[in-house]
Amino acid sequence: MTESTPTYLPRLATQLNTPITIGGKTIPNKLWLAPMAGLTHTAFREVLAHYGSCGLAFTEMCSAKAVPTENPRVSPVFRWHEWELPSLVCQIVGATPEELVIAAERVEREGFFGVDINMGCSARGMIKREAGAALLKTPGKAVAIVEAVRKAVSIPVFVKFRTGWSKDIEPAAALAKEFEAAGADCLVFHPRVAPDKRTRPPFIDHIRYIKEAVSIPVFGNGNVTTPQHCQDMLDKTGCDGVSIGRMAMARPWLFAQWTTGYTPDENIFQDYVLRMATALEQEFDPIRGIKRFRLFMAYFAANFRFGHSLLAKFSTAKTMDDVRRMAKEHIIPDMALSQTPNMNLYNL
Ligand SMILES: Cc1cc2nc3c(=O)[nH]c(=O)nc-3n(C[C@H](O)[C@H](O)[C@H](O)COP(=O)(O)O)c2cc1C
């Protein structure tokens with residue numbers, strides 16, 4: 001495995017390894033895993049923990065309506081390992097203060113590090129239900145939600161949000177101020193307008209407006225795939241830390257690589273797929289497991305120059321035994337890495 005860009009920047013590592021306190025609780029580093037539906041499930045988080053050094057992980061979004069009555073032993077989404085709780089934030093998504101409060105109370109009772117309110121998801125179904133990024137259309141309601149959740153729980157309250165429905169950053173900065181006044185402990189900002197499906201680059205500079213508007217920590221998010229992107233985001237915007245989404249699926253060891261200088265050996269890609277197969281098998285029934293494997297595979301395949309053909313091969317896998325056999329056959333040490341993730345796969 002050859003890398004042509006540096007995978008460790010000492011200044012970045014020093015910056016990321018400075019602990020940060022959010023709502024009175026301290027986190028050892030400032031490189032976090034972003035929430036991703038269908039991807040940041042327990043199985044993936046178990047593999048992530050094996051490679052180590054992720055400061056704080058976020059669950060995939062959990063429906064606030066479902067959370068109060070959800071059984072973690074059977075729910076594919078509202079599910080975790082006890083050992084994760086001290087560094088795991090549960091993300092909830094909903095439309096009203098009432099439903100989000102009841103969900104946040106359950107999240108607190110279960111012992112999560114914190115609760116994150118999703119104000120970024122712009123999937124059609126979510127917008128129809130007036131949840132996720134739809135809340136940014138009604139700032140008064142968005143703030144009322146943060147205020148109500150803040151009053152209901154004492155764990156840290158996070159808000160993950162986007163720019164909103166127009167490119168103008170001023171309303172987002174004003175909203176950030178209101179979130180802070182309503183009692184949010186940390187903002188994670190993804191500088192894209194809500195209808196943008198990640199096909200265009202995010203407006204990284206806009207993170208600075210949010211950072212300058214508030215005194216609580218602000219984490220930046222969006223298209224960070226290399227340590228240099230991460231350093232640039234910190235330098236250009238003054239944000240406190242960085243939240244990584246898709247690249248964490250492609251290479252979950254990046255947290256260790258960027259913060260400790262960990263150097264993976266040439267079998268790391270195969271090792272990762274084999275670990276994912278085992279973890280998915282342990283956490284999900286065979287049908288759910290293989291569906292989640294396929295979703296994961298698109299981001300994994302984006303690592304490689306011939307990612308499309310790798311994805312096509314794995315799409316025929318019906319069982320985890322097929323996956324293991326294919327991994328041993330096709331994921332080999334001298335595969336050509338793509339300089340940057342293959343965006344056609346990355347944006348699936
Ligand atoms: C498949 C997928 C699912 C996602 N699900 C969620 C989600 O459940 N909650 C959320 O706040 N953001 C979600 N996101 C957005 C990511 O958290 C992140 O903001 C976005 O991918 C940009 O960061 P990245 O370029 O590092 O991937 C999702 C993104 C992807 C690709």
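The structure displayed is predicted, hence computed values, not measured ones.

Direction vectors running N to C along helix α13 (residues 307-314) and helix α14 (residues 320-330) enclose 150°, while the axes themselves pass 10 Å from each other. By the criterion of interaxial angle, the relationship of α13 to α14 is roughly antiparallel. Relative to α14, the crossing made by α13 is right-handed. Between α13, through Leu 310, Lys 313 and Phe 314, and α14, the contact on the second element is made entirely by Val 323, Met 326 and His 330.

Take the nonpolar core next. Ranked by internal contacts, the top residues of the largest apolar core, which has 114 residues, are Ile 92, Val 115, Val 146, Val 149, Leu 187 and Met 276. Two domains share this core, each providing at least three of its residues, namely domain 1 (10-260) and domain 2 (268-346). When residues no more than four places from it in sequence are discounted, the contact partners of Val 149 are Leu 100, Val 101, Ala 104, Val 115, Ile 117 and Val 157.

Attention now moves to the site of the ligand. As a structural note, the neighbourhood of the ligand is formed by 22 residues, with Ala 34, Met 36, Met 61, Gly 245 and Arg 246 the closest of them. Taken together, the residues that form the shell around the ligand break down as 10 nonpolar, nine polar and three charged.

Moving on, we come to the domain arrangement of the protein chain. One can read the domain layout of the protein chain as domain 1 (10-260) and domain 2 (268-346). On a C-alpha basis, the centroid separation for the pair domain 1 and domain 2 is 26 Å. At the junction of the two partners, domain 1 supplies 17 residues and domain 2 supplies 19 residues. Where the side of domain 1 that touches domain 2 is concerned, the elements lending two or more residues are α2 (42-51) and α9 (246-250). Counting residues per element, the side of domain 1 that touches domain 2 draws most heavily on α2, which supplies five residues. Split into classes, the residues belonging to the side of domain 1 that touches domain 2 amount to nine nonpolar, five polar and three charged.

A word on helix α7 (residues 206-213). Think of an α-helix as turning once every 3.6 residues; residues three or four places apart then point the same way. Of all the eight residues making up α7, six are buried; the element is thus mostly covered by neighbouring parts of the structure. All of the buried residues in α7 are His 206, Ile 207, Tyr 209, Ile 210, Lys 211 and Ala 213.

Moving on, we get to the packing of helix α3 (residues 97-110) against helix α5 (residues 139-152). It is at 9 Å that the axes of α3 and α5 come closest, and there the two elements cross at 30°. If you check the angle between α3 and α5, you find them roughly parallel. Remark: the crossing between α3 and α5 carries right-handed chirality. Listed contacts from α5 to Pro 97, Leu 100, Val 101, Ala 104 and Glu 105 of α3 are Ala 144, Ile 145, Ala 148, Val 149 and Ala 152. Classifying every residue of the contact of α3 with α5 gives nine nonpolar, no polar and one charged.

Right, let's talk about α5 for a bit. For α5, built from 14 residues, the straight-helix expectation of 20 Å at 1.5 Å per residue is met to within 8% by its first-to-last C-alpha distance of 20 Å. Looking at α5, one finds that the buried residues are Ala 142, Val 143, Ile 145, Val 146 and Val 149. Considered in projection along α5, the buried side chains sweep an arc of 150° and stay on one side of the axis.

Attention now moves to the environment of Ile 287. Position of Ile 287 relative to the elements: it lies in helix α12 (residues 286-301). Ile 287 gets classed as exposed once you count the C-beta atoms within 10 Å, which come to 9. Considering only alpha carbons, one finds Ile 287 and Lys 318, 31 residues apart in sequence, at a separation of 8.7 Å.

Structurally, the position occupied by Val 107 is in helix α3. For the pair Val 107 and Leu 135, spaced 28 residues apart in the sequence, the C-alpha separation amounts to 21 Å. Ignoring anything within four residues of it in the chain, the contact list for Val 107 reads Val 67, Cys 90, Ile 92, Phe 112 and Val 115.

The topology assignment puts Val 77 in the loop between β5 (62-63) and β6 (88-93). The partly exposed category is assigned to Val 77, around which 19 C-beta atoms lie within 10 Å. Ignoring any residue separated from it by four or fewer positions in sequence, one finds Val 77 in contact with Glu 60 and Cys 62.

This brings us to unusual backbone geometry. Among all residues save glycine, negative phi is the norm, and among peptide bonds the norm is trans. In this model, Ser 53 sits at a positive phi of 75°, which is unusual for a non-glycine residue. Its place among the elements puts Ser 53 in the loop between α2 and β4 (57-58). Residue Ser 53 is classed as buried on the basis of its 21 C-beta neighbours within 10 Å. At Asn 223, a residue that is not glycine, the phi angle is positive and equals roughly 60°. Its 22 C-beta neighbours within 10 Å are what place Asn 223 among the buried residues.

Definitions and limits used
Residues numbered from 1 in each chain as written. Predicted model: local features only at pLDDT ≥ 70, side-chain atom pairs only at ≥ 80, totals over all residues. Axes fitted to C-alpha atoms, helices over the stretch in contact; angles between N-to-C directions. Helix = DSSP H or I, 4+ residues; strand = E, 2+ residues; numbered from the N terminus. Parallel < 35°, antiparallel > 145°, perpendicular 65-115°, else oblique. Left-handed = near helix turned anticlockwise from the far one by under 90°. Contact = placed C-beta atoms within 7 Å. Core = buried A, V, L, I, M, F, W, Y, C linked by C-beta atoms within 7 Å. Buried ≥ 20, exposed ≤ 12 C-beta atoms within 10 Å, placed from the backbone. Domains from an automatic or database assignment. Near = placed C-beta within 6 Å. Nonpolar A, V, L, I, M, F, W, Y, C, P; charged D, E, K, R; others polar. Expected span 1.5 Å × (residues − 1). Arc of directions from axis to C-beta.

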